[in-house]
Amino acid sequence: MRVAFFFCSQSSLHSDCPSTKPTIMSKLAFAAVLLAAVASTASAAGNNYTCVIASANMSATDNTCQVDSSDTFKPGSQATIRFSGVAHKDIIAGNFQFKVYEDDVTHFVSSGYSPFFTCTQRGCDRTKPISLDLENPGDVPTNFTANFNLTIPQPKASGRYHIVFTASDQTHYPYDLTGTVSLVGSCTTDADCPANSYCQNGPGHAPPYSCHV
């Protein structure tokens, strides 16, 4: 029996070689993938923020969070960071802590915290959540939902913010999770912008408006 060996390439004319020319179906498939990628990018950009969470004793779903704003991240508006996931530790007390940094500003521009539960001198009541709601307190693991609020600061330099937050339980360290939200503040008037910049709210622009130097 004779066995023939041959190699296929774009220049090959052998009858047993598959065609290397792109078909209509392959072109359509590529176009669909490209359009899906563009749509995903547009959706993420429309949120005007990004969120990344590094999980430890608490693991956040998809390692991300949702950020809602009462007024599209305008200075003085309230923003709510919310996410859900699974707690891999019996958490009886603790809080979320955060610091807000602004690009081109040396130090953090605001900070705060939110207790997990309602607490007294006798301890914390896990059935009365404030920022951390455990589905089955005392069970490990158990699902949770979390949310805490902060105020968007008045911009000093750029209006581009990074919110760094941590979750700390009754043993304080290591952190149960850490996260970073990056967002761009919006404006409605020049007073919402840093010095030497203005709000682009004129013709040809649509809300949410942004500051421009």
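All values derive from a computational prediction rather than experimental measurement.

**Concerning the packing of aromatic side chains**
Scanning the model with the defined rule gives 11 aromatic pairs in all. Measuring from ring centre to ring centre gives 5.0 Å for phenylalanine 96 and phenylalanine 116, while their planes differ by 70°; the resulting arrangement is edge-to-face. Within this pair, whereas phenylalanine 96 is found in strand 5 (residues 94-102), its partner phenylalanine 116 is found in the loop between strand 6 (110-115) and strand 7 (117-120), the two being separated by 20 residues in sequence. Comparing phenylalanine 96 with phenylalanine 116 shows no difference in burial state: the two are buried. Assessed through its relative accessible area of 0%, phenylalanine 116 is described here as buried. Among the aromatic side chains, those forming a connected cluster through ring pairs are Phe83, Phe96, Phe98, Phe116, Phe117, Phe144, Phe148 and Phe165.

**Digging into the state of the cysteines**
According to the stated counting rule, one finds four disulfides in the structure shown. Note on cysteine connectivity: cysteine 51 is disulfide-linked to cysteine 65, with sulfurs 2.1 Å apart. Classification of the bridge connecting cysteine 51 and cysteine 65 rests on its S-S torsion, roughly 120°, and on that basis the disulfide is right-handed. In this pair, cysteine 51 sits in strand 1 (residues 49-55) while cysteine 65 sits in the loop between strand 2 (58-60) and strand 3 (66-69), placing the two residues 14 residues apart along the sequence. The residues cysteine 51 and cysteine 65 share a single accessibility class, namely buried. Across a sulfur-sulfur distance of 2.1 Å, cysteine 193 and cysteine 211 are joined as a disulfide pair. Judged by the sign of its S-S torsion, about -90°, the bond between cysteine 193 and cysteine 211 is left-handed. Remark: cysteine 211 occurs in strand 14 (residues 211-212) and cysteine 193 occurs in the loop between strand 12 (177-184) and strand 13 (198-199); sequence separation between them is 18 residues. A relative accessible area of 7% places cysteine 193 in the buried class.

**Topic: the side chain of aspartate 192**
Mapped onto the elements, aspartate 192 comes out in the loop between strand 12 and strand 13. Despite its burial, aspartate 192 pairs with no opposite charge, the nearest such side chain being lysine 74 at 4.1 Å. A distance of 2.9 Å separates a polar atom in the side chain of aspartate 192 from the backbone nitrogen of threonine 188. Excluding residues within four positions of it along the chain, aspartate 192 makes contact with Lys74, Pro75, Gln154, Pro155, Ser186, Cys187 and Cys211.

**Topic: the pattern of salt bridges**
Scanning the model with the defined rule gives five salt bridges in all. Residues aspartate 68 and arginine 82 are paired through a salt bridge, measuring 2.8 Å at the closest nitrogen-oxygen approach. Residue aspartate 68 is found in strand 3, and its partner arginine 82 is found in strand 4 (residues 78-87); the two are separated by 14 residues along the sequence. One salt bridge connects arginine 160 with aspartate 104, and the closest N-O pair in it is separated by 3.7 Å. Of the two residues, arginine 160 is situated in strand 11 (residues 160-169) and aspartate 104 in the loop between strand 5 and strand 6; the sequence distance between them amounts to 56 residues. The network of salt bridges with common partners includes Asp103, Asp104 and Arg160.

Cut-offs applied
Here, residues in each chain are numbered from 1, in the same order as that chain's written sequence. Residues qualify for local features only when their pLDDT is at least 70, as the model is predicted, and side-chain atom pairs are given and counted only at 80 or more; totals for whole chains, interfaces and linings, by contrast, use all residues. The side-chain figures draw on all heavy atoms in the structure; neither hydrogens nor water molecules are used. For Phe, Tyr and Trp, rings pair up if their centres lie within 6.5 Å, where Trp contributes its six-membered ring, and each pair is then called stacked (planes under 30 degrees apart), edge-to-face (over 60) or tilted (otherwise). The way it works is that DSSP assigns letters per residue, a run of H or I at least four long becomes a helix, a run of E at least two long becomes a strand, and they are numbered from the N terminus. Remark: exposure states derive from per-residue accessible area (1.4 Å probe, protein chains only) relative to the maximum for the residue type, with buried under 20%, exposed over 50%, and partly exposed in between. The definition used for a disulfide is geometric: two cysteine sulfur atoms within 2.5 Å. Charge counting follows a simple rule: Lys and Arg are positive, Asp and Glu are negative, and His as well as the terminal groups are ignored. The term salt bridge refers to a side-chain nitrogen of Lys or Arg lying within 4 Å of a carboxyl oxygen of Asp or Glu. For the purposes of these results, a polar contact is taken to be a pair of N or O atoms within 3.5 Å, where, inside protein, one atom must be able to donate a hydrogen and its partner to accept one; residues adjacent in sequence count only when each atom of the pair is a side-chain atom. Contacts are assigned to residue pairs that have any heavy atoms within 4.5 Å of one another.

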